[in-house]
Amino acid sequence: FHRKKRVVSEGSRRNLLIAIVEPMIVGAAKETFPNEARVALIPAVLPTLTKAGLEIIIETNAGLSAGFTDAQYEEKGAKIVASREEVFEKAQIVLQVRSLGANPEAGKADLDLMKKDQVIVGLSDPLGSAELSKEMAEKGVTAFSMELIPRITRAQSMDVLSSQATVAGYKAVLLAADNLPRMFPMFMTAAGTISPARVFVIGAGVAGLQAIATAKRLGAKVEAYDVRPAVAEQIESLGGKFVKFDLDTAEAEDAGGYAKEQSDDFLRRQREEMGKVVKGNDVVISTAAIPGRKAPVLVTADMVKGMEPGSVIIDLAAATGGNCELTKADEMVEVDNVKIFGPTNLPGGAPYHASQMYAKNIVTFLQSIVKEGALVFDMEDEVVAETMVTRDGDVVNNRVREALGMEPIAPPAKPEPEAEEKAETEEKGDA
(Lines give C-alpha, C1' and ligand atoms only; values in the text may rest on other atoms or scores of the structure.)
Protein backbone atom coordinates (compact mmCIF):
# COMPACT_ATOMS: atom_id res chain seq x y z
CA PHE A 1 0.00 0.00 0.00
CA HIS A 2 2.79 2.41 0.83
CA ARG A 3 4.73 1.64 -2.32
CA LYS A 4 1.83 2.31 -4.69
CA LYS A 5 -1.44 4.05 -3.97
CA ARG A 6 -4.68 3.38 -5.79
CA VAL A 7 -6.88 6.38 -6.39
CA VAL A 8 -10.47 5.41 -7.23
CA SER A 9 -12.77 7.83 -9.06
CA GLU A 10 -16.36 8.44 -8.05
CA GLY A 11 -18.76 6.50 -10.26
CA SER A 12 -20.29 3.10 -10.67
CA ARG A 13 -18.30 0.10 -9.55
CA ARG A 14 -18.43 -1.31 -13.09
CA ASN A 15 -16.42 1.65 -14.39
CA LEU A 16 -13.65 2.15 -11.86
CA LEU A 17 -10.73 4.38 -12.90
CA ILE A 18 -7.54 3.35 -11.12
CA ALA A 19 -4.47 5.60 -11.25
CA ILE A 20 -1.10 4.44 -9.96
CA VAL A 21 0.71 7.20 -8.09
CA GLU A 22 4.43 6.61 -7.69
CA PRO A 23 5.84 7.12 -4.18
CA MET A 24 7.54 10.40 -3.39
CA ILE A 25 11.33 10.22 -3.57
CA VAL A 26 13.57 11.61 -0.84
CA GLY A 27 17.26 11.94 -1.70
CA ALA A 28 20.51 12.61 0.13
CA ALA A 29 23.72 13.53 -1.65
CA LYS A 30 27.33 13.57 -0.50
CA GLU A 31 28.28 16.82 1.21
CA THR A 32 30.53 19.12 -0.84
CA PHE A 33 31.63 21.60 1.84
CA PRO A 34 35.41 21.18 2.45
CA ASN A 35 36.13 18.49 5.06
CA GLU A 36 32.43 17.98 5.85
CA ALA A 37 32.17 14.33 6.89
CA ARG A 38 28.56 14.30 8.09
CA VAL A 39 25.62 12.95 6.09
CA ALA A 40 21.95 13.96 6.22
CA LEU A 41 20.52 10.43 6.44
CA ILE A 42 21.90 7.32 8.12
CA PRO A 43 20.69 3.75 7.51
CA ALA A 44 18.97 3.39 10.90
CA VAL A 45 16.36 6.10 10.18
CA LEU A 46 15.33 4.85 6.73
CA PRO A 47 12.57 2.44 7.89
CA THR A 48 10.68 5.42 9.36
CA LEU A 49 10.62 7.01 5.90
CA THR A 50 9.82 3.88 3.92
CA LYS A 51 6.94 3.04 6.27
CA ALA A 52 5.57 6.51 5.50
CA GLY A 53 5.40 5.56 1.82
CA LEU A 54 8.58 7.35 0.72
CA GLU A 55 11.28 6.02 -1.57
CA ILE A 56 14.88 6.80 -0.59
CA ILE A 57 17.83 7.40 -2.89
CA ILE A 58 21.39 7.98 -1.66
CA GLU A 59 24.38 9.14 -3.70
CA THR A 60 27.06 6.45 -3.69
CA ASN A 61 29.52 6.81 -0.79
CA ALA A 62 27.53 9.73 0.68
CA GLY A 63 27.82 8.29 4.18
CA LEU A 64 31.21 6.62 3.93
CA SER A 65 33.20 9.38 5.67
CA ALA A 66 30.74 9.19 8.58
CA GLY A 67 31.09 5.40 8.81
CA PHE A 68 28.05 4.25 6.80
CA THR A 69 28.48 2.08 3.69
CA ASP A 70 26.28 1.84 0.61
CA ALA A 71 25.50 -1.78 1.56
CA GLN A 72 24.11 -0.63 4.93
CA TYR A 73 21.81 1.85 3.19
CA GLU A 74 20.61 -0.78 0.72
CA GLU A 75 19.94 -3.21 3.55
CA LYS A 76 17.53 -0.65 5.05
CA GLY A 77 15.69 -0.08 1.79
CA ALA A 78 17.52 2.75 0.02
CA LYS A 79 18.50 2.78 -3.63
CA ILE A 80 22.08 3.86 -4.34
CA VAL A 81 22.49 6.23 -7.30
CA ALA A 82 25.71 7.05 -9.11
CA SER A 83 25.82 10.84 -8.96
CA ARG A 84 24.71 14.02 -7.24
CA GLU A 85 22.97 15.05 -10.46
CA GLU A 86 20.79 11.95 -10.29
CA VAL A 87 19.76 12.72 -6.71
CA PHE A 88 18.57 16.22 -7.67
CA GLU A 89 16.95 14.97 -10.88
CA LYS A 90 14.86 12.25 -9.23
CA ALA A 91 14.14 13.49 -5.69
CA GLN A 92 11.18 15.68 -4.83
CA ILE A 93 12.79 16.29 -1.44
CA VAL A 94 16.58 16.75 -1.12
CA LEU A 95 18.05 16.48 2.38
CA GLN A 96 21.43 18.03 3.12
CA VAL A 97 23.61 18.82 6.10
CA ARG A 98 24.76 22.03 4.43
CA SER A 99 22.51 23.45 1.74
CA LEU A 100 23.59 26.49 -0.27
CA GLY A 101 23.71 29.19 2.43
CA ALA A 102 25.92 27.08 4.70
CA ASN A 103 28.01 25.96 1.72
CA PRO A 104 28.44 29.26 -0.14
CA GLU A 105 31.15 28.24 -2.61
CA ALA A 106 30.73 24.57 -3.56
CA GLY A 107 26.98 24.81 -2.94
CA LYS A 108 26.59 27.26 -5.84
CA ALA A 109 26.80 24.29 -8.22
CA ASP A 110 23.57 22.93 -6.72
CA LEU A 111 21.60 25.91 -8.06
CA ASP A 112 21.87 24.48 -11.58
CA LEU A 113 20.54 21.14 -10.33
CA MET A 114 17.52 22.47 -8.43
CA LYS A 115 14.06 22.19 -9.97
CA LYS A 116 10.94 24.29 -9.54
CA ASP A 117 8.84 23.16 -6.55
CA GLN A 118 11.60 20.86 -5.30
CA VAL A 119 11.93 20.83 -1.51
CA ILE A 120 15.38 21.47 -0.03
CA VAL A 121 15.93 20.82 3.69
CA GLY A 122 19.18 21.48 5.54
CA LEU A 123 21.33 23.95 7.43
CA SER A 124 21.52 27.12 5.31
CA ASP A 125 22.67 30.00 7.55
CA PRO A 126 19.58 31.95 6.41
CA LEU A 127 20.25 35.05 8.52
CA GLY A 128 23.96 35.25 7.77
CA SER A 129 23.67 34.30 4.08
CA ALA A 130 20.31 35.83 3.23
CA GLU A 131 21.34 36.74 -0.34
CA LEU A 132 21.87 33.05 -1.12
CA SER A 133 18.37 32.32 0.16
CA LYS A 134 17.15 34.83 -2.43
CA GLU A 135 18.99 32.90 -5.15
CA MET A 136 17.28 29.70 -4.07
CA ALA A 137 13.94 31.49 -4.21
CA GLU A 138 14.64 32.49 -7.80
CA LYS A 139 14.99 28.80 -8.67
CA GLY A 140 11.44 28.23 -7.45
CA VAL A 141 12.38 25.72 -4.76
CA THR A 142 10.72 25.43 -1.36
CA ALA A 143 13.61 25.69 1.10
CA PHE A 144 13.48 24.89 4.81
CA SER A 145 16.29 25.95 7.14
CA MET A 146 16.91 23.71 10.13
CA GLU A 147 18.55 26.58 12.05
CA LEU A 148 15.13 28.19 12.33
CA ILE A 149 13.44 25.36 14.23
CA PRO A 150 11.50 27.18 16.98
CA ARG A 151 12.48 26.59 20.58
CA ILE A 152 9.24 25.00 21.69
CA THR A 153 8.75 21.74 23.55
CA ARG A 154 7.25 19.93 20.56
CA ALA A 155 10.24 20.81 18.37
CA GLN A 156 13.00 19.63 20.71
CA SER A 157 13.41 16.38 18.76
CA MET A 158 14.02 18.46 15.60
CA ASP A 159 16.48 20.94 17.15
CA VAL A 160 19.55 20.56 14.97
CA LEU A 161 21.42 23.44 16.59
CA SER A 162 21.19 21.75 19.98
CA SER A 163 22.16 18.29 18.75
CA GLN A 164 25.21 19.55 16.88
CA ALA A 165 26.19 21.88 19.73
CA THR A 166 26.30 18.84 21.99
CA VAL A 167 29.04 17.40 19.79
CA ALA A 168 30.85 20.75 19.54
CA GLY A 169 30.97 21.23 23.31
CA TYR A 170 32.34 17.73 23.84
CA LYS A 171 34.98 18.02 21.10
CA ALA A 172 36.07 21.46 22.31
CA VAL A 173 37.15 20.05 25.65
CA LEU A 174 39.06 17.19 24.01
CA LEU A 175 40.81 19.67 21.71
CA ALA A 176 41.78 21.81 24.70
CA ALA A 177 43.01 18.81 26.71
CA ASP A 178 45.12 17.62 23.79
CA ASN A 179 46.88 20.99 23.46
CA LEU A 180 47.23 21.94 27.11
CA PRO A 181 50.67 21.08 28.58
CA ARG A 182 48.89 20.05 31.80
CA MET A 183 46.64 17.09 32.58
CA PHE A 184 43.02 17.79 33.45
CA PRO A 185 42.51 15.65 36.61
CA MET A 186 44.19 15.88 39.98
CA PHE A 187 46.61 13.01 40.69
CA MET A 188 48.08 11.90 43.99
CA THR A 189 51.38 10.23 43.13
CA ALA A 190 54.61 9.20 44.85
CA ALA A 191 56.21 12.05 42.92
CA GLY A 192 53.83 14.55 44.45
CA THR A 193 50.32 15.90 43.93
CA ILE A 194 49.31 17.17 40.50
CA SER A 195 46.70 19.90 40.73
CA PRO A 196 43.71 19.83 38.35
CA ALA A 197 43.48 22.07 35.30
CA ARG A 198 41.23 25.10 35.59
CA VAL A 199 38.62 25.53 32.84
CA PHE A 200 36.44 28.58 32.27
CA VAL A 201 33.41 28.19 29.97
CA ILE A 202 31.78 31.32 28.56
CA GLY A 203 28.16 30.77 27.58
CA ALA A 204 25.93 28.07 29.05
CA GLY A 205 23.86 27.08 26.06
CA VAL A 206 23.91 23.47 24.87
CA ALA A 207 27.56 23.60 23.75
CA GLY A 208 28.67 25.32 26.94
CA LEU A 209 26.82 22.90 29.21
CA GLN A 210 28.28 19.93 27.37
CA ALA A 211 31.76 21.47 27.69
CA ILE A 212 31.23 21.92 31.44
CA ALA A 213 30.10 18.31 31.85
CA THR A 214 32.96 16.91 29.74
CA ALA A 215 35.66 18.97 31.46
CA LYS A 216 34.29 17.95 34.85
CA ARG A 217 34.29 14.27 33.87
CA LEU A 218 37.95 14.63 32.89
CA GLY A 219 38.67 15.97 36.38
CA ALA A 220 39.13 19.68 35.75
CA LYS A 221 38.04 22.46 38.08
CA VAL A 222 35.31 24.21 36.10
CA GLU A 223 33.86 27.71 36.23
CA ALA A 224 31.26 29.12 33.84
CA TYR A 225 29.59 32.41 33.03
CA ASP A 226 26.47 33.31 31.10
CA VAL A 227 24.74 36.64 30.69
CA ARG A 228 21.49 34.85 31.59
CA PRO A 229 21.49 34.34 35.38
CA ALA A 230 18.73 31.75 35.07
CA VAL A 231 21.26 29.15 33.87
CA ALA A 232 23.24 29.22 37.14
CA GLU A 233 21.35 26.17 38.43
CA GLN A 234 22.14 24.19 35.27
CA ILE A 235 25.85 25.02 35.55
CA GLU A 236 25.98 23.98 39.19
CA SER A 237 24.06 20.76 38.51
CA LEU A 238 26.92 19.69 36.25
CA GLY A 239 29.56 20.39 38.87
CA GLY A 240 30.63 23.80 37.62
CA LYS A 241 30.82 27.04 39.59
CA PHE A 242 28.65 29.89 38.29
CA VAL A 243 30.63 33.12 37.99
CA LYS A 244 28.46 36.14 38.74
CA PHE A 245 29.36 39.61 37.54
CA ASP A 246 27.93 42.83 38.96
CA LEU A 247 25.86 43.63 35.85
CA ASP A 248 22.20 44.30 35.11
CA THR A 249 21.03 41.21 33.20
CA ALA A 250 17.27 41.63 33.56
CA GLU A 251 16.74 41.71 29.78
CA ALA A 252 19.55 39.39 28.73
CA GLU A 253 17.36 36.66 27.21
CA ASP A 254 14.95 36.81 24.27
CA ALA A 255 11.64 34.99 23.90
CA GLY A 256 13.35 32.08 22.15
CA GLY A 257 15.75 31.44 25.03
CA TYR A 258 18.81 32.92 23.28
CA ALA A 259 21.09 35.58 24.72
CA LYS A 260 20.23 39.06 23.42
CA GLU A 261 22.72 41.52 21.95
CA GLN A 262 23.91 43.93 24.65
CA SER A 263 24.98 47.58 24.61
CA ASP A 264 28.60 48.68 24.18
CA ASP A 265 28.67 49.93 27.78
CA PHE A 266 27.41 46.57 29.07
CA LEU A 267 30.08 44.72 27.05
CA ARG A 268 32.83 47.05 28.30
CA ARG A 269 31.93 46.42 31.95
CA GLN A 270 31.52 42.72 31.24
CA ARG A 271 35.05 42.53 29.81
CA GLU A 272 36.46 44.26 32.89
CA GLU A 273 34.94 41.60 35.13
CA MET A 274 35.81 38.75 32.81
CA GLY A 275 39.49 39.69 32.55
CA LYS A 276 40.01 38.76 36.20
CA VAL A 277 38.49 35.29 35.69
CA VAL A 278 40.24 34.55 32.39
CA LYS A 279 43.63 35.30 33.96
CA GLY A 280 43.09 32.60 36.59
CA ASN A 281 42.29 29.74 34.20
CA ASP A 282 44.32 27.38 32.05
CA VAL A 283 41.59 26.82 29.45
CA VAL A 284 38.88 29.15 28.15
CA ILE A 285 36.08 27.72 26.01
CA SER A 286 33.82 30.41 24.58
CA THR A 287 30.44 29.65 23.06
CA ALA A 288 28.62 33.01 23.13
CA ALA A 289 26.71 33.58 19.90
CA ILE A 290 23.67 35.60 18.83
CA PRO A 291 21.64 34.24 15.88
CA GLY A 292 22.14 36.36 12.77
CA ARG A 293 24.63 38.73 14.45
CA LYS A 294 28.39 39.04 14.85
CA ALA A 295 29.62 37.25 17.96
CA PRO A 296 30.37 39.60 20.88
CA VAL A 297 34.07 40.11 21.64
CA LEU A 298 34.46 39.03 25.26
CA VAL A 299 38.14 38.04 25.49
CA THR A 300 40.47 40.86 24.50
CA ALA A 301 44.11 40.72 23.43
CA ASP A 302 45.11 42.13 26.82
CA MET A 303 43.27 39.27 28.57
CA VAL A 304 45.15 36.74 26.44
CA LYS A 305 48.47 38.33 27.36
CA GLY A 306 47.54 38.02 31.04
CA MET A 307 47.07 34.23 30.84
CA GLU A 308 49.68 31.72 31.98
CA PRO A 309 52.08 30.42 29.29
CA GLY A 310 50.73 27.23 27.72
CA SER A 311 47.09 28.21 28.23
CA VAL A 312 44.51 27.35 25.57
CA ILE A 313 41.45 29.17 24.20
CA ILE A 314 38.84 27.29 22.14
CA ASP A 315 36.52 29.80 20.45
CA LEU A 316 33.33 28.11 19.26
CA ALA A 317 31.95 31.42 17.96
CA ALA A 318 34.69 31.69 15.32
CA ALA A 319 32.25 31.27 12.42
CA THR A 320 30.63 34.62 13.27
CA GLY A 321 33.77 36.55 14.16
CA GLY A 322 34.77 34.93 17.44
CA ASN A 323 34.47 35.80 21.13
CA CYS A 324 38.22 36.31 21.35
CA GLU A 325 39.69 39.38 19.70
CA LEU A 326 42.58 37.32 18.29
CA THR A 327 40.56 34.39 16.90
CA LYS A 328 41.01 33.41 13.26
CA ALA A 329 38.42 30.99 11.87
CA ASP A 330 39.78 27.45 11.39
CA GLU A 331 43.30 28.48 12.40
CA MET A 332 45.53 28.08 15.43
CA VAL A 333 47.00 31.39 16.57
CA GLU A 334 49.70 31.56 19.24
CA VAL A 335 50.19 34.82 21.15
CA ASP A 336 52.58 35.06 24.11
CA ASN A 337 52.63 31.25 24.32
CA VAL A 338 48.81 31.06 24.52
CA LYS A 339 47.13 28.94 21.82
CA ILE A 340 43.87 30.20 20.34
CA PHE A 341 41.80 27.82 18.20
CA GLY A 342 38.78 28.92 16.14
CA PRO A 343 37.19 25.70 14.81
CA THR A 344 33.99 26.21 12.79
CA ASN A 345 32.92 22.60 12.34
CA LEU A 346 33.70 20.54 15.42
CA PRO A 347 30.59 18.34 14.89
CA GLY A 348 32.23 17.22 11.63
CA GLY A 349 35.04 15.82 13.77
CA ALA A 350 32.68 13.20 15.21
CA PRO A 351 30.62 12.53 12.06
CA TYR A 352 29.17 9.16 13.05
CA HIS A 353 27.22 10.39 16.07
CA ALA A 354 26.74 13.92 14.72
CA SER A 355 25.08 12.39 11.64
CA GLN A 356 23.04 10.05 13.82
CA MET A 357 21.55 12.97 15.73
CA TYR A 358 21.14 15.17 12.66
CA ALA A 359 19.35 12.43 10.74
CA LYS A 360 16.95 11.86 13.64
CA ASN A 361 16.23 15.61 13.77
CA ILE A 362 15.61 15.91 10.05
CA VAL A 363 13.42 12.79 9.77
CA THR A 364 11.27 14.02 12.65
CA PHE A 365 10.95 17.37 10.86
CA LEU A 366 9.92 15.63 7.64
CA GLN A 367 6.91 14.23 9.45
CA SER A 368 5.69 17.82 9.76
CA ILE A 369 5.59 18.35 5.99
CA VAL A 370 4.86 14.84 4.65
CA LYS A 371 1.45 13.35 5.40
CA GLU A 372 0.41 9.98 3.95
CA GLY A 373 3.19 10.13 1.38
CA ALA A 374 2.33 13.63 0.11
CA LEU A 375 3.71 17.11 0.79
CA VAL A 376 1.46 19.16 3.06
CA PHE A 377 2.55 22.65 4.15
CA ASP A 378 0.40 23.60 7.12
CA MET A 379 1.29 27.25 7.64
CA GLU A 380 -0.56 27.25 10.97
CA ASP A 381 2.04 24.80 12.25
CA GLU A 382 4.70 26.89 13.99
CA VAL A 383 7.47 24.47 12.99
CA VAL A 384 6.59 24.64 9.28
CA ALA A 385 5.91 28.38 9.18
CA GLU A 386 9.11 29.41 10.97
CA THR A 387 11.50 27.11 9.09
CA MET A 388 10.21 27.78 5.58
CA VAL A 389 12.53 30.28 3.91
CA THR A 390 11.48 30.26 0.24
CA ARG A 391 8.40 29.23 -1.71
CA ASP A 392 6.83 30.02 -5.10
CA GLY A 393 9.79 32.14 -6.18
CA ASP A 394 9.86 34.39 -3.12
CA VAL A 395 11.56 34.65 0.27
CA VAL A 396 8.68 34.01 2.67
CA ASN A 397 10.41 34.07 6.07
CA ASN A 398 10.13 37.50 7.68
CA ARG A 399 13.38 37.17 9.64
CA VAL A 400 15.25 36.51 6.39
CA ARG A 401 13.31 39.25 4.59
CA GLU A 402 14.41 41.68 7.32
CA ALA A 403 18.05 40.64 6.78
CA LEU A 404 17.54 41.38 3.06
CA GLY A 405 15.93 44.76 3.74
CA MET A 406 12.58 43.53 2.37
CA GLU A 407 9.14 44.43 3.66
CA PRO A 408 7.61 41.78 5.97
CA ILE A 409 4.80 39.60 4.72
CA ALA A 410 1.61 40.23 6.66
CA PRO A 411 -0.04 37.11 8.09
CA PRO A 412 -3.24 36.08 6.31
CA ALA A 413 -6.32 37.68 7.82
CA LYS A 414 -8.53 35.30 9.77
CA PRO A 415 -12.17 35.23 8.65
CA GLU A 416 -14.64 36.89 10.98
CA PRO A 417 -16.81 34.51 13.05
CA GLU A 418 -19.95 35.59 11.19
CA ALA A 419 -18.34 34.72 7.85
CA GLU A 420 -17.27 31.31 9.16
CA GLU A 421 -20.78 30.56 10.42
CA LYS A 422 -22.29 31.63 7.07
CA ALA A 423 -19.84 29.39 5.15
CA GLU A 424 -20.70 26.47 7.43
CA THR A 425 -24.44 27.01 6.85
CA GLU A 426 -23.94 27.13 3.08
CA GLU A 427 -21.89 23.92 3.15
CA LYS A 428 -24.61 22.14 5.13
CA GLY A 429 -27.22 23.41 2.68
CA ASP A 430 -25.20 22.08 -0.28
CA ALA A 431 -24.85 18.75 1.44
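This text follows the structure it describes.
As a starting point, this report considers the structure included with it. Here the structure is a predicted model, which means the values were calculated and not measured. (Residues numbered from 1 in each chain as written. Predicted model: local features only at pLDDT ≥ 70, side-chain atom pairs only at ≥ 80, totals over all residues. Heavy atoms only, no water.)

Before going further, it helps to spend a moment on the overall build of the chain. Tallying secondary structure elements over the chain gives 13 helices and 21 strands in all. Expressed as a percentage of its 431 residues, the buried residues of the chain come to 47%. The long-range share in the chain, meaning contacts at least 24 apart out of those at least 6 apart in sequence, stands at 66%. Per element, the accessible surface of the chain, about 21600 Å² overall, is 51% carbon and sulfur. (Helix = DSSP H or I, 4+ residues; strand = E, 2+ residues; numbered from the N terminus. Buried < 20%, exposed > 50% of the residue type's maximum accessible area, 1.4 Å probe, protein only. Contact = heavy atoms within 4.5 Å. Areas by Shrake-Rupley, 256 points an atom, 1.4 Å probe, with all protein chains shown as cover.)

Mapped onto the elements, serine 65 comes out in the loop between strand 4 (55-59) and helix 2 (70-75). You can call serine 65 partly exposed: its relative accessible area is 42%. Each residue touching serine 65, except ones within four places of it in the same chain, is listed here: Glu36, Ala37 and Pro351.

Our focus in this paragraph is the packing of helix 5 (residues 160-179) against helix 10 (residues 351-369). Close contact between helix 5 and helix 10 brings their axes to 9 Å; oriented N to C, the two are set at 170°. By the angle between their directions, the pair helix 5 and helix 10 is classed as roughly antiparallel. Together, Val160, Ser163, Gln164 and Val167 of helix 5 and Ala354, Met357, Tyr358 and Asn361 of helix 10 make up the contact between the two elements. The class makeup of the residues in the contact of helix 5 with helix 10 is five nonpolar, three polar and no charged. (Axes fitted to C-alpha atoms, helices over the stretch in contact; angles between N-to-C directions. Parallel < 35°, antiparallel > 145°, perpendicular 65-115°, else oblique. Nonpolar A, V, L, I, M, F, W, Y, C, P; charged D, E, K, R; others polar.)

A word on the sheet that holds strand 20 (residues 388-391). Sheet strands pair via backbone hydrogen bonds, and the direction of the pair is either parallel or antiparallel. As summarised here, the arrangement of the eight strands in space is 5-4-3-6-7-8-20-21, forming an open sheet in which the pairing is mixed. Each edge of the open sheet is held by one strand with a lone partner, namely strand 5 (79-81) and strand 21 (394-395). Where strand 7 (residues 119-123) and strand 8 (residues 142-145) come together, four bridges link them in parallel fashion. Note that in strand 8 the partner of valine 119 across the bridge is threonine 142. Against the sheet, helix 10 engages strand 3 (25-28), strand 6 (93-98), strand 7 and strand 8, with an angle of about 145° to strand 6. (Pairing = 2+ DSSP bridges.)

Grouped together as the largest cluster of nonpolar side chains are 41 residues, with contacts concentrated most on Leu41, Ile56, Ile93, Leu95, Val121, Met146 and Phe365. Of all the elements, helix 10 adds the most residues to this core, at seven residues. Ignoring any residue separated from it by four or fewer positions in sequence, one finds phenylalanine 365 in contact with Val121, Phe144, Met146, Ile149, Met158, Val383 and Thr387. If you look at the next biggest cluster of nonpolar residues, it comprises 27 residues, including Ala168, Ile212, Ala220 and Ala224. (Core = buried A, V, L, I, M, F, W, Y, C linked by side-chain atoms within 4.5 Å.)

Looking now at a nonpolar patch on the surface. The grouping of Tyr170, Leu174 and Leu218 at the surface amounts to a nonpolar patch, some 220 Å² of accessible area in total. Along the chain, leucine 174 turns up in helix 5. (Patch = residues over 30% accessible without salt bridge, like charges linked within 9 Å, V, L, I, M, F, W, Y side chains within 5 Å. Salt bridge = Lys/Arg side-chain N within 4 Å of Asp/Glu carboxyl O.)

Residues spaced three or four apart along an α-helix face the same direction, because each turn holds 3.6 residues. With twelve residues, helix 6 (residues 206-217) extends 17 Å from end C-alpha to end C-alpha; this agrees with the ideal 16 Å at 1.5 Å per step. For helix 6, the tally of buried residues reaches nine of twelve residues, placing the bulk of the element in the interior. All of the buried residues along helix 6 are Ala207, Gly208, Leu209, Gln210, Ala211, Ile212, Ala213, Thr214 and Ala215. Looking at the packing, one finds that the buried side of helix 6 touches helix 5, strand 11 (198-202), strand 12 (221-225), helix 7 (232-237) and strand 14 (283-286). (Expected span 1.5 Å × (residues − 1).)

This part is about helix 5. Over its 20 residues, helix 5 runs 29 Å from end to end, which matches the ideal 28 Å to within 8%, given 1.5 Å per residue. Regarding helix 5, the residues found buried are Val160, Ser162, Ser163, Gln164, Ala165, Val167, Ala168, Gly169, Ala172, Val173, Ala176 and Asn179. On its buried face, helix 5 is in contact with strand 7, helix 6, strand 14, strand 15 (312-315), strand 17 (338-341) and helix 10. Where helix 5 starts, the residue carrying a side-chain oxygen 3.3 Å from the main-chain nitrogen of leucine 161 turns out to be aspartate 159. (Polar contact = N/O pair within 3.5 Å; in protein donor to acceptor, adjacent residues only side chain to side chain.)

For the rest of this paragraph, the subject is the packing of helix 5 against helix 6. At a minimum axis distance of 7 Å, the contact between helix 5 and helix 6 shows a crossing angle of 40°. The chirality of how helix 5 crosses helix 6 is right-handed. Along the contact surface, helix 5 presents Ser162, Ala165, Thr166, Gly169, Tyr170 and Val173, while helix 6 presents Val206, Ala207, Gln210, Ala211, Thr214 and Ala215. The residue makeup of the contact of helix 5 with helix 6, split by class, is seven nonpolar, five polar and no charged. (Left-handed = near helix turned anticlockwise from the far one by under 90°.)

Function cannot be read off these values alone, since they describe shape.
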